[in-house]
Amino acid sequence: HGTGTCYQEVKRVLHAAVPDRLHGRERETGVIRQFLREHVGGRRPGSLYVSGAPGTGKTACLSRVLLDCKDELAGSKTIVLNCMALSGPRGVFPAVGQQLGLPAAAGREGVRRLEKQLTARGPMVLLVLDELDQLESKGQDVLYTLFEWPRLPGSRLVLVGLANALDLTDRGLARLGAHPAGGPRLLHFPPYTREQLTAILQERLGQVAGDTVLDAAALQFCARKVSAVSGDARKALDVCRRAVEVVELEVRSQTLLKPLPGGEW
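Since we're looking at a predicted model, the values are computed, not measured.

Thresholds applied
Residues numbered from 1 in each chain as written. Predicted model: local features only at pLDDT ≥ 70, side-chain atom pairs only at ≥ 80, totals over all residues. Heavy atoms only, no water. Helix = DSSP H or I, 4+ residues; strand = E, 2+ residues; numbered from the N terminus. Buried < 20%, exposed > 50% of the residue type's maximum accessible area, 1.4 Å probe, protein only. Contact = heavy atoms within 4.5 Å. Areas by Shrake-Rupley, 256 points an atom, 1.4 Å probe, with all protein chains shown as cover. Polar contact = N/O pair within 3.5 Å; in protein donor to acceptor, adjacent residues only side chain to side chain. Expected span 1.5 Å × (residues − 1). Arc of directions from axis to C-beta. Core = buried A, V, L, I, M, F, W, Y, C linked by side-chain atoms within 4.5 Å. Domains from an automatic or database assignment. Pairing = 2+ DSSP bridges.

A.B. asks: Any chance you could explain the overall build of the protein chain here in plain terms?
C.D. replies: When helices and strands are tallied, the protein chain shows 12 helices and 5 strands. Looking at the 265 residues of the protein chain, the share that counts as buried comes to 43%. Sequence separation of at least 24 residues holds for 81% of the intrachain contacts in the protein chain that already meet a minimum separation of 6. Counting every atom, the protein chain has about 14,300 Å² of accessible surface; 55% of that belongs to carbon and sulfur.

A.B. asks: Teacher, can you tell me more about unusual backbone geometry here?
C.D. replies: With glycine set apart, most residues show a phi of negative sign, and most peptide bonds adopt trans. Positive phi values are uncommon outside glycine, yet Arg43 reaches one of about 50 degrees. Mapping Arg43 onto the fold places it in the loop between helix H2 (26–41) and strand S1 (46–52). Although it is not a glycine, Glu131 adopts a positive phi angle of roughly 55 degrees. One can find Glu131 in the loop between strand S3 (125–130) and helix H7 (141–148). Owing to a relative accessible area of 22%, Glu131 belongs among the partly exposed residues under this scheme.

A.B. asks: Help me understand the side chain of Arg156 in this model?
C.D. replies: Take Arg156: it is sitting in the loop between H7 and strand S4 (157–163). Only 2.8 Å separates the side chain of Arg156 from the backbone oxygen of Gln117, close enough to count as a polar contact. Polar side-chain contacts of Arg156 include one of 2.8 Å to the backbone oxygen of Pro123. With sequence-adjacent residues up to four places away left out, Arg156 is seen in contact with Gln117, Leu118, Ala120, Arg121, Gly122, Pro123, Met124 and Val125.

A.B. asks: Would you mind going over H2 with me for this structure?
C.D. replies: Within an α-helix, residues lying three or four positions from one another point in the same direction, as the helix has 3.6 residues per turn. Taking 1.5 Å as the rise per residue, H2 with 16 residues should run 22 Å; its terminal C-alpha atoms sit 21 Å apart, in good agreement. Of the residues making up H2, those classed as buried are Glu28, Thr29, Val31, Ile32, Phe35, Leu36, His39 and Val40. Projected onto a plane normal to the axis of H2, the buried residues spread over an arc of 160 degrees and lie on a single side. The exposed residues of H2 that point more than 90 degrees off its buried face are Arg27 and Gly41. The secondary structure elements touched by the buried residues of H2 are S1, helix H3 (58–68), helix H4 (70–73), S3, S4 and strand S5 (185–189).

A.B. asks: Looking at this model, I keep getting lost on the nonpolar core. Mind explaining?
C.D. replies: Proteins that are soluble and globular tend to have nonpolar side chains buried together. The biggest cluster of nonpolar side chains holds 35 residues, and the ones touching the most others in it are Ile32, Leu36, Leu126 and Val160. Top contributing element to this core by residue count: H2, with 5 residues. When residues of this core are assigned to domains, at least three fall in each of domain 1 (3–16 + 192–257) and domain 2 (26–188). Listed in part, the 28 residues of the second largest apolar core include Ile79, Leu81, Cys83 and Ala163.

A.B. asks: Before we go on, may I ask you to explain the pairing of S4 in this structure?
C.D. replies: The buried fraction of S4 amounts to 7 of the 7 residues, a majority that puts the element mostly inside the structure. The alternating pattern of S4 places Leu157, Leu159, Gly161 and Ala163 and Val158, Val160 and Leu162 on opposite faces, both of which are buried. In this sheet, S4 lies alongside S1 in parallel orientation, the contact comprising 6 bridges. Within S4, the position partnered with Gly46 by the bridge is Val158. As paired elements, S3 and S4 share 5 bridges and run parallel to each other.

By themselves, these are just geometric observations and shouldn't be taken as functional.
Here it is as structure tokens:
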């Protein structure tokens with residue numbers, strides 16, 4: 001297998017896909033799994049607010065748990081929305097309505113129908129909202145409405161929100177905390193440490209057979225730099241992928257410039 005394919009392979013494993021196991025995130029994965037078991041499995045409405053800087057594994061962990069718990073969640077309806085894709089904060093309502101098969105209805109009427117649907121009898125609905133920060137709006141009415149839904153009498157909604165902001169709940173949802181039932185369950189993802197980033201990179205690169213393209217010192221250096229700035233695993237993967245591309249280009253230009261054997265006139 002030639003040099004070209006070896007670099008392709010290395011770049012492929014450095015992409016931020018959902019790995020089989022997430023280094024340094026056993027606790028967080030456990031908390032999410034337990035929450036889904038208790039609430040979706042146990043038919044108890046509730047909400048979980050997951051916070052952490054970009055690249056700390058929030059979406060990857062949740063995706064992993066959803067894959068692992070497929071059978072347990074089979075009896076319920078799962079809706080996953082990335083709020084970045086919405087036209088604006090209020091766009092979340094028609095998007096959820098559509099997923100629940102409701103006929104389109106604008107504004108207040110649409111929200112009222114959704115509430116009626118989510119408090120009617122039926123299977124549990126698991127609503128996962130990624131990039132929840134996008135729903136912040138003046139007066140916070142959108143977020144407030146969403147987090148209020150699991151508390152309505154007869155609700156069958158389990159809400160999981162993922163956001164970069166740590167204080168979204170303090171800032172925007174202070175009213176929720178004052179609620180007698182208490183606010184959403186909070187789970188924070190700290191930035192990855194140097195050791196965790198090194199382990200992530202080593203595991204990814206260990207999937208490639210043959211010579212090591214990036215040596216241990218380079219990985220350590222990358223992990224140290226990224227952990228000092230952000231602890232963002234996606235950045236670490238990107239930096240290594242770019243390093244591989246540089247090496248690849250160098251090797252390519254060298255092979256192009258070498259005189260061909262026996263080609264001299």
